[in-house]
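Okay, here's what each chain looks like letter by letter:
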Protein chains: 4
Amino acid sequence: MQKIRLGMVGGGQGAFIGAVHRAAAGLDGQYDLVAGAFSRNPENNLATANQLCISEDRAYSSWEALIEGELKLPEEQRVQAIAVVTPNHLHVPVTKAALEAGFNVFCEKPLAINLEEAQSLESVLADSGALLGLAHTYIGYPMVWQARHLVATGELGTIRKVYVEYPQGWLSNNLEADDNKQASWRTDPAQSGGSGCMGDIGTHAFNMAEFVTGSKVTHLCADLHTHIPGRRLDDDGAAFLKFDNNASGVLIASQVAAGEENGLKIRVYGDKGGLEWFQMRPDSLIVRSLDKPMTILRGGQGQPGLCEEALKRCRIPVGHPEGYLEAMGNLYTLFAQAIRSGQQGAADGVPGLAEGLRGMAFIATMLESQNSDQKWTALTL
Amino acid sequence: MQKIRLGMVGGGQGAFIGAVHRAAAGLDGQYDLVAGAFSRNPENNLATANQLCISEDRAYSSWEALIEGELKLPEEQRVQAIAVVTPNHLHVPVTKAALEAGFNVFCEKPLAINLEEAQSLESVLADSGALLGLAHTYIGYPMVWQARHLVATGELGTIRKVYVEYPQGWLSNNLEADDNKQASWRTDPAQSGGSGCMGDIGTHAFNMAEFVTGSKVTHLCADLHTHIPGRRLDDDGAAFLKFDNNASGVLIASQVAAGEENGLKIRVYGDKGGLEWFQMRPDSLIVRSLDKPMTILRGGQGQPGLCEEALKRCRIPVGHPEGYLEAMGNLYTLFAQAIRSGQQGAADGVPGLAEGLRGMAFIATMLESQNSDQKWTALTL
Amino acid sequence: MQKIRLGMVGGGQGAFIGAVHRAAAGLDGQYDLVAGAFSRNPENNLATANQLCISEDRAYSSWEALIEGELKLPEEQRVQAIAVVTPNHLHVPVTKAALEAGFNVFCEKPLAINLEEAQSLESVLADSGALLGLAHTYIGYPMVWQARHLVATGELGTIRKVYVEYPQGWLSNNLEADDNKQASWRTDPAQSGGSGCMGDIGTHAFNMAEFVTGSKVTHLCADLHTHIPGRRLDDDGAAFLKFDNNASGVLIASQVAAGEENGLKIRVYGDKGGLEWFQMRPDSLIVRSLDKPMTILRGGQGQPGLCEEALKRCRIPVGHPEGYLEAMGNLYTLFAQAIRSGQQGAADGVPGLAEGLRGMAFIATMLESQNSDQKWTALTL
Amino acid sequence: MQKIRLGMVGGGQGAFIGAVHRAAAGLDGQYDLVAGAFSRNPENNLATANQLCISEDRAYSSWEALIEGELKLPEEQRVQAIAVVTPNHLHVPVTKAALEAGFNVFCEKPLAINLEEAQSLESVLADSGALLGLAHTYIGYPMVWQARHLVATGELGTIRKVYVEYPQGWLSNNLEADDNKQASWRTDPAQSGGSGCMGDIGTHAFNMAEFVTGSKVTHLCADLHTHIPGRRLDDDGAAFLKFDNNASGVLIASQVAAGEENGLKIRVYGDKGGLEWFQMRPDSLIVRSLDKPMTILRGGQGQPGLCEEALKRCRIPVGHPEGYLEAMGNLYTLFAQAIRSGQQGAADGVPGLAEGLRGMAFIATMLESQNSDQKWTALTL
């Protein structure tokens, strides 16, 4: 068996998510990172390549150069997949070009700057014969699959209520004024899109709600806020949700919940019981019931009582914590398996175009609702 | 010093909250329960009285008889305060008559069936020279006062965001069809008022939000639900909140969050930090900060770092858990102190008419918003 | 029904445990505190009595005067039970005299200064026809009975291992040099007995281990320490335990675990599963199993799955925390029921002489082991 | 920069710890696994190699063949380090031969079958010019370094007490009778050494205690148990510890604590405060103080308040959990840095021979104490 040859666009020194992708890709030994266009800054680009043991001739000065350069290589040397870890506004341009060139693409979320841009990928992907994966990393956690399994198998009964929340505090201050790289592009509509907080983390919460329940949001009511004078995008907000199965929900996302870290949590209640999963203790899944004691399902290799999809995302026995990098590692490893087995379009078990479009529709609807006096706005896609 | 002589209306065998009031009143040895009209059912009434070591002649057949009978006793034997622990629809009739007869009243919440009825108490209380206390029990917890203190002293900076939630699961089934006493009256508009879940526990969440922040809600947007076919009142809902200091909030309350117990939680965030208090671990107050490690303040007698109002509500040293009965005990003990010191209208440290009116206005506005297509409805009082 | 008339010896202003006993006795309305010898200091004694609404003529100047004075009162006024909440060295003298005078006694633990003194109560109690209760308060918690029930019914299989620990930190400094009343007598052999930490809290841990497992310790190996120069008693220690059912255990107790509060915890493991109970979250009982997910049993009135003995110690529904005062309140209320029903010697569900003797034998054996170079010392009684 | 070329001995399909090492080595992209002798079973060996994208000619049939084969390769192809992930009895033979051949070695713990065997490595390592790392994985966690830092900088004052515990439950049944591979060799003296539980996990607890406190154990008192009839090694035990700074401690380790997962926990108390770290929530460090509120230090890249050694072991921002693989990844990455920078003997920040010898001395002393009636046995090295 050969490792998958991987290229990366973005992720130079000073970036956050690029290093996460690299660690995730390295975890299961499925990838060789052999090429990159890490930064427009040549110095940064070369330094990053060197640190990553990538030869200088495959440290490309731009993503365009990377695609062009790799295409010139013999197929058995050429990268087979490209990870796109740039700010949001480059997701679609790079992805589109890469797909058109026949490369599989694993892209950071959100998929695009807006819904229309995202939709432009539909035909490109279909025509490419390649795969598109989307880094909804939290879907890589085993116990999130177990949660989905409990809902799908009726363990909780008919679903009535969904609470999903994602409090962070790191944008409580005007970091963008201090040239904080992460803050700057995330609060810039040109790089980030029409929404800040909802685009960055609200989409994760939305994706989690639809994934775990297996239902679709049909209407929402948004309340968005911006707390820093001069900040151009929302940094906080909430939404009421209506689902296609008549369940209702509340979604909270904030980047000004001062002191909060990365508190994605989902709670789902049916007429028989409820579940709770919290990203900061990801190996536990609390299951409540109307007539039985609360149980805590625990993730781990070979752990009895877990569904197959959860088990296959666990590397080590229970009690040896696996975390965020392992979750993304699961997406990468499944993406590698999909490449090896010749899947097209979407990789089994990996969020892709469909989830990306839902996310962009969520953002668009949130913005529409925020501008409306009416309580409810339909989410259509 | 003499104990305060206490009478009780409601709280016969099979009731829930009456026994809670009695334990709370007994905790600090400030009261003698000497009279009661516990139940319209004479057998229940007498059995309850006997069990409580109350003489048969002061086990009255009705609340009217209690007031009349006690007035005939010499002042030094007569009850000095009456606890009203009936279903909601009797709160105002009993309270009004008791105040008019000159008795101090400690009443269960919500104060009334609706706002207008509650407002009818305003002149009665003012004319009575007596005290009216309201059992917003959660305000009796020491660490809730500590939370309010942190906000009031600017520890968190300017308040931006409030999340308050109160999930319960006990009404997930159609208990009222099974003649469950607690469920039956709470889901009956005639006994409970126009709202079920919001009247029963939403008011606690609302009261907590206004108490801890020291701010008033000015507008809200409600989303109420009823999940049991035939149930006549909401059993679940949420609201967006706007506060008079420009903070915003999200309030969640549900009685169909299957498997949840009594999960009142409040989180408040300012531009410097945040706090979190959870009723099911009431002696801890989590304090987060933008630039310091998370701290956990712990309640307990003599505990360093607690404000005076928190300390005086702690009986025993840290690590010896005090709970719900102690919280209500604090209200009762402060109410006794107010009686002894001749306070009128409201007892220091005890919720009363003002909080009761806010609660009823909250319920009225939630119902108005629920019936409106407009996003925002003003809460006026 | 009449309330039980209670007298108290000790518990004047500045004391700790007396107020705890009074709150516990008041909680369920079963007692009237009508007499006391609260302090040798006449001013403190009278002030305490006044604060407790006790008439001056029953505020006795000494415990001898209390017994003598109450005996002169007509039987229907005389106290029926006496709570002994003095430092340890007075436990036996007061208890003995009270029993001999026919009063029921509810005494703080440890029962005596040493084992011999405790054994002198055996014949006195047998001859008295009265009851002796001992404030092993933690045995009053509902979930401790549930834990015992799980062991007794074989849910955990054959018991192999017991870990019991009780870390506190409040004696980390030389408080006795600062005239801290609680610290002073506890570190004085004349008032406290031959052991400090093991007598004060080690006995609780030991009692918990024997209670939950239903087994007896037969041998132990002690390692005691004193950390403050000049302190005359141990303030920290540990023991290996052997039980009569071949289980083994480790007991830890410390009063110099700086920053710890009151962390009594017990874990018991059998060949099928294990349990864990922690005094600072007393309404939860963690149950682990070799082949099922971890469950958390939760205490509360009417809670499904709890044994009868646990249920009858819960006052309110799950999610409304009951704590330390409620635990001791359970002992008091069961003691009242035993008085009413004419039990003699030991009150059902309340620790008494037998547990007191075991505790004193534990202390004696710990001291013997500490002075020995041999690994194991037999605990005989 | 070039990746370090890595070989592996052990870790074929069905093994546990080999895959952990591979994931850890892959995490930061510092290694290329290019050779292996994974299993004596040729089929397993080749299948493992293939799955790991290792060419067939470097899938050696034995560790001897691996060393011999690699030595024949040109230096720029030859492996630079060998990971030894066999059962215990092969640790020293493989390590010795690899060191003698000039390879750096990263070995699983415990270092040897017994102390004498371990000591035989001393001169070999000194003569080799190579590095020896030992997989005391838990020392790779950032917050363990923070804990050590708090002790070293006097934050807790003079250390008095250490509690370290490591409960597991997985050997509660007679798994070795069912041919469970992990259980079989661990309970076989010929493969595991003279101790089971203490060798396997007691050494981790011991290493943690010495690492965090910076002190050495001088005496101990052991109580070991074997619970399965026919099992030849201890599966459970405890020890009292004396440290060279006069602190005392209690060490608990069990593999029959039914239902427990992998609960390594350390608590350290000085005269000013205490700390607590729990492997199953590794990114939190609880810090208690005599006069300040409890704080919870949280690990994460760039997290304020963390010491340099902790920070450099964090890859991602706080709230994105890093776990066990990341901890071992830190050891591997530091080992790579040591190789690159030409360190000899021990790699900075990575446990090595010294820690291995201490661990073997601990095991030897535990066995000696277990066979003695005397309370205390000296640990000499």
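Residues numbered from 1 in each chain as written. Chains lettered and ligands numbered in written order. Predicted model: local features only at pLDDT ≥ 70, side-chain atom pairs only at ≥ 80, totals over all residues. Heavy atoms only, no water.

Next up on the list: the relation of the copies chain B and chain A. The transform that puts chain B on chain A rotates by 180° and translates by 0.0 Å along the axis, for an RMSD of 0.0 Å. The transformation just described matches what one would write down for a two-fold rotation axis. Both copies share a contact surface, since 100% of the interface residues of chain B are interface residues in chain A too. (Least-squares fit on C-alpha atoms with pLDDT ≥ 70 in both. Contact = heavy atoms within 4.5 Å.)

Position of C:Glu326 among the secondary structure elements: in helix 12 (residues 324–340). The buried charged residue C:Glu326 lacks any salt bridge partner; its closest oppositely charged side chain belongs to C:Arg315, at an N-O distance of 6.0 Å. In this view, C:Glu326 contacts B:Leu325, B:Glu326, C:Leu27 and C:Arg315; residues no more than four positions away in its chain are not counted. (Helix = DSSP H or I, 4+ residues; strand = E, 2+ residues; numbered from the N terminus. Buried < 20%, exposed > 50% of the residue type's maximum accessible area, 1.4 Å probe, protein only. Lys, Arg positive; Asp, Glu negative; His and termini not counted. Salt bridge = Lys/Arg side-chain N within 4 Å of Asp/Glu carboxyl O.)

Among the surface-exposed residues, A:Arg281, B:Arg281, C:Arg281 and D:Arg281 lie close enough to one another that they form a single positively charged patch. Mapped onto the elements, A:Arg281 comes out in the loop between strand 11 (273–278) and strand 12 (284–289). (Patch = residues over 30% accessible without salt bridge, like charges linked within 9 Å, V, L, I, M, F, W, Y side chains within 5 Å. Areas by Shrake-Rupley, 256 points an atom, 1.4 Å probe, with all protein chains shown as cover. Charge placed at Lys NZ, Arg CZ, Asp CG, Glu CD.)

Here we take up the interface of chain B and chain A. The figure often quoted for interface size is the accessible area lost as the parts come together. Taken together, the contact pairs 46 residues of chain B with 46 residues of chain A. Taken as a group, B:Arg160, B:Phe240 and B:Lys375 account for 20% of the area that chain B buries against chain A, more than any other trio of residues on that side. Residues B:Arg288 and A:Glu260 are paired through a salt bridge, measuring 3.1 Å at the closest nitrogen-oxygen approach. Counting across the chain B and chain A interface gives 20 residue pairs in polar contact (both at pLDDT 80 or more). Take the side of chain B that touches chain A: its biggest share by element is five residues, from strand 6 (residues 159–167) of chain B. Among the residues making up the side of chain B that touches chain A, the classes are represented as 16 nonpolar, 16 polar and 14 charged. (Buried area = accessible area lost by both parts, 1.4 Å probe. Polar contact = N/O pair within 3.5 Å; in protein donor to acceptor, adjacent residues only side chain to side chain. Nonpolar A, V, L, I, M, F, W, Y, C, P; charged D, E, K, R; others polar.)

Another aspect to go through is the interface of chain C and chain A. Listed by partner, the interface residues are six residues for chain C and six residues for chain A. Taken over both partners, the interface formed by chain C and chain A buries close to 640 Å², and the fraction arising from carbon and sulfur atoms is 77%. The largest contributions to the chain C side of the interface with chain A come from C:Pro293, C:Met294 and C:Ile296, which together make up 60% of the buried area. Here chain C and chain A share zero salt bridges between them. Applying the counting criterion to the chain C and chain A interface returns two residue pairs in polar contact (both at pLDDT 80 or more). The class makeup of the residues in the side of chain C that touches chain A is four nonpolar, one polar and one charged.

Further remarks concern unusual backbone geometry. Glycine aside, residues mostly have negative phi, and peptide bonds are mostly found in the trans state. Here the residue pair A:Lys109 and A:Pro110 is connected by a cis peptide bond, since its omega of -10° sits within 30 degrees of zero. When you line up the elements, A:Pro110 lands in the loop between strand 4 (104–107) and helix 5 (115–119). With phi around 60°, B:Cys53 is a residue other than glycine that occupies positive phi space. The class for B:Cys53 is buried, based on a relative accessible area of 18%.

Our next topic: helix 12 (residues 324–340) of chain A. Relative to the 24 Å expected for 17 residues at 1.5 Å per residue, helix 12 of chain A spans 25 Å between its end C-alpha atoms, a close match to the ideal helical length. Burial of helix 12 of chain A is extensive: 15 of the 17 residues sit out of reach of the surface. (Expected span 1.5 Å × (residues − 1).)

When the UniProt feature table is mapped to this numbering, "domain: GFO/IDH/MocA-like oxidoreductase" (unreviewed entry) covers residues 146–276 of chain A. Taken end to end, residues 146–276 of chain A is 26% helix and 33% strand, and its first and last C-alpha atoms sit 11 Å apart. (UniProt positions renumbered as here; feature names shortened; annotations may be inferred.)

This next bit is on the domain arrangement of chain A. Residue and element names in this part refer to chain A. Domain parsing of chain A yields domain 1 (4–138 + 334–350) and domain 2 (142–317 + 360–370). Each of domain 1 and domain 2 was reduced to a C-alpha centroid, and the two centroids are 26 Å apart. Taken together, the contacts link 23 residues of domain 1 with 28 residues of domain 2. Roughly 1900 Å² of surface becomes buried between domain 1 and domain 2 when both sides are summed, with 60% attributable to carbon and sulfur atoms. When the area that domain 1 buries against domain 2 is broken down by residue, the three leading residues are Lys-109, His-136 and Tyr-138, summing to 35%. At the boundary of domain 1 with domain 2, the tally comes to two salt bridges. Residue Asp-28 pairs with Arg-315 through a salt bridge whose shortest N-O separation is 2.8 Å. If you look at where domain 1 meets domain 2, you find eight residue pairs in polar contact (both at pLDDT 80 or more). (Domains from an automatic or database assignment.)

Quick look at the UniProt feature "domain: Gfo/Idh/MocA-like oxidoreductase N-terminal" (unreviewed entry) in chain A now. Following the UniProt record, the feature "domain: Gfo/Idh/MocA-like oxidoreductase N-terminal" (unreviewed entry) maps to residues 4–134 of chain A here. Counting secondary structure, residues 4–134 of chain A comes out at 41% helix and 18% strand; the distance between its end C-alpha atoms is 18 Å.

Time to look at the side chain of C:Ser284. Residues and elements named next belong to chain C. Tracing the backbone shows Ser-284 in strand 12 (residues 284–289). Within polar-contact distance, the side chain of Ser-284 engages the side chain of Arg-298 at 2.8 Å. Among residues more than four places away in sequence, those in contact with Ser-284 are Met-143, Glu-276, Trp-277, Ile-296, Leu-297 and Arg-298.

All right, on to the sheet that holds strand 5 (residues 132–134) of chain C then. Residues and elements named next belong to chain C. The sheet built from five strands is open, its strands ordered 2-1-3-4-5 with parallel pairing. The open sheet has two edge strands with one neighbour each: strand 2 (31–37) and strand 5. Averaged over all pairs of adjacent strands, the angle between strand axes in this sheet comes to 25°, irrespective of strand direction. Of the pairings in the sheet, the one linking strand 1 (residues 4–9) to strand 3 (residues 81–84) comprises four bridges and is parallel in character. Looking at the pairing, Met-8 lines up with Ala-83 of strand 3. Of the strands in this sheet, strand 1, strand 2 and strand 4 (104–107) are in contact with helix 1 (residues 17–27), which crosses strand 1 at around 175°. (Pairing = 2+ DSSP bridges. Axes fitted to C-alpha atoms, helices over the stretch in contact; angles between N-to-C directions.)

A separate point is the packing of aromatic side chains. Tallied over the full model, the rule gives 46 aromatic pairs over all chains. Taken together, a centroid distance of 4.8 Å and an interplanar angle of 70° make the contact between A:Trp145 and A:Phe211 edge-to-face. Taken together, the residues span a long stretch of sequence, with A:Trp145 in helix 7 (residues 142–152) and A:Phe211 in helix 10 (residues 197–213) at a distance of 66 residues. On the basis of relative accessible area, A:Phe211 is assigned to the buried category, the value being 13%. Relative to C:Phe335, the ring of C:Phe106 has its centre 5.4 Å away and its plane inclined at 70°; by these criteria the two rings are edge-to-face. With C:Phe106 in strand 4 and C:Phe335 in helix 12, the pair connects residues that are 229 residues apart, well separated along the chain. (Phe/Tyr/Trp six-rings, centres within 6.5 Å; stacked < 30°, edge-to-face > 60°.)

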